[in-house]
Amino acid sequence: MADYNFSGVADGATKEFQRQAEVCIQGTMQIALACDARASTHTGFFLAGATALAVSAASYARAPAANLPLAYGGAAAAALLLLAAASCSIAARSVYFHVAGYQPKFLAVTASNELFMLRCVAEDLQRRIDFNVAALARQARWFGNGQIAALASLPFGAAVYFASRFAGV
């Protein structure tokens, strides 16, 4: 993790510097909440789709005039949708995230010098922002992988259908 030193910030700009850091960390919190909601919603969509496809595939496989290629294709698509749901669920999991603000007991050490305290707070806020941005990037990767799996589920299911149909299953 980078070591920050904001001692070069002009005395008059220090309060605004620290205020902007607080606004930025609050913004990362709002983005994280929105991303969690999006990932949770997609998890539900993908689980519902996977369930519907799995039940349909089982019905086609067990029907008197069984259509096994269609059952295999549906099961393959359901498997990828289940993978997409799992990836989105991981994206929505609870993770450690820094919030804005400080408990006064932690600021008491530097409170005798307001300028020094504000610079220390700004340095710590930058570390927190970096941590939050990295957590958001990990969440975005998991969510993106889920989207890719969901988009691939239909072509994959169709490929399995045609492959099993032409294989004479």
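Residues numbered from 1 in each chain as written. Predicted model: local features only at pLDDT ≥ 70, side-chain atom pairs only at ≥ 80, totals over all residues. Heavy atoms only, no water.

**Quick notes on the packing of helix H1 (residues 14-62) against helix H4 (residues 114-166)**
Thinking step 1. It is the contact of H1 with H4, at a shortest axis distance of 9 Å, that shows an interaxial angle of 20°. On the basis of the axis angle, H1 is roughly parallel to H4. Relative to H4, the crossing made by H1 is left-handed.
Thinking step 2. By residue class, the composition of the contact of H1 with H4 is 19 nonpolar, 8 polar and 7 charged. (Axes fitted to C-alpha atoms, helices over the stretch in contact; angles between N-to-C directions. Helix = DSSP H or I, 4+ residues; strand = E, 2+ residues; numbered from the N terminus. Parallel < 35°, antiparallel > 145°, perpendicular 65-115°, else oblique. Left-handed = near helix turned anticlockwise from the far one by under 90°. Nonpolar A, V, L, I, M, F, W, Y, C, P; charged D, E, K, R; others polar.)

**Structural notes on the side chain of Thr-14**
Thinking step 1. Residue position: Thr-14 is located in helix H1.
Thinking step 2. Overall, the relative accessible area of 2% leaves Thr-14 in the buried class.
Thinking step 3. Apart from the residues lying within four places of it in its own chain, the contact partners of Thr-14 are Val-9, Leu-115, Leu-118 and Arg-119. (Buried < 20%, exposed > 50% of the residue type's maximum accessible area, 1.4 Å probe, protein only. Contact = heavy atoms within 4.5 Å.)

**Considering the packing of aromatic side chains**
Thinking step 1. Going through the model one piece at a time under the given rule, you end up with 3 aromatic pairs.
Thinking step 2. Note on Tyr-161 and Phe-162: the rings are 5.0 Å apart at their centroids and 65° apart in plane angle, and the pair reads as edge-to-face.
Thinking step 3. The partly exposed category is assigned to Phe-162, whose relative accessible area is 39%.
Thinking step 4. Their ring planes at 20° and their centres at 6.2 Å tell us that Phe-162 and Phe-166 sit as a pair that is stacked. Taken together, the residues span about one helical turn, with Phe-162 and Phe-166 both in helix H4 at a distance of 4 residues.
Thinking step 5. Classification of Phe-166 as exposed rests on a relative accessible area of 68%.
Thinking step 6. Members of the aromatic cluster, joined through ring pairs, are Tyr-161, Phe-162 and Phe-166.
Thinking step 7. Just above the ring of Phe-143 sits the side chain of Arg-38; from NZ or CZ to the centre is 4.0 Å.
Thinking step 8. The residue whose ring lies beneath Arg-128 is Tyr-102, and the NZ or CZ to ring-centre distance is 4.4 Å. (Phe/Tyr/Trp six-rings, centres within 6.5 Å; stacked < 30°, edge-to-face > 60°. Lys NZ or Arg CZ within 6 Å of the ring centre and 35° of its normal.)

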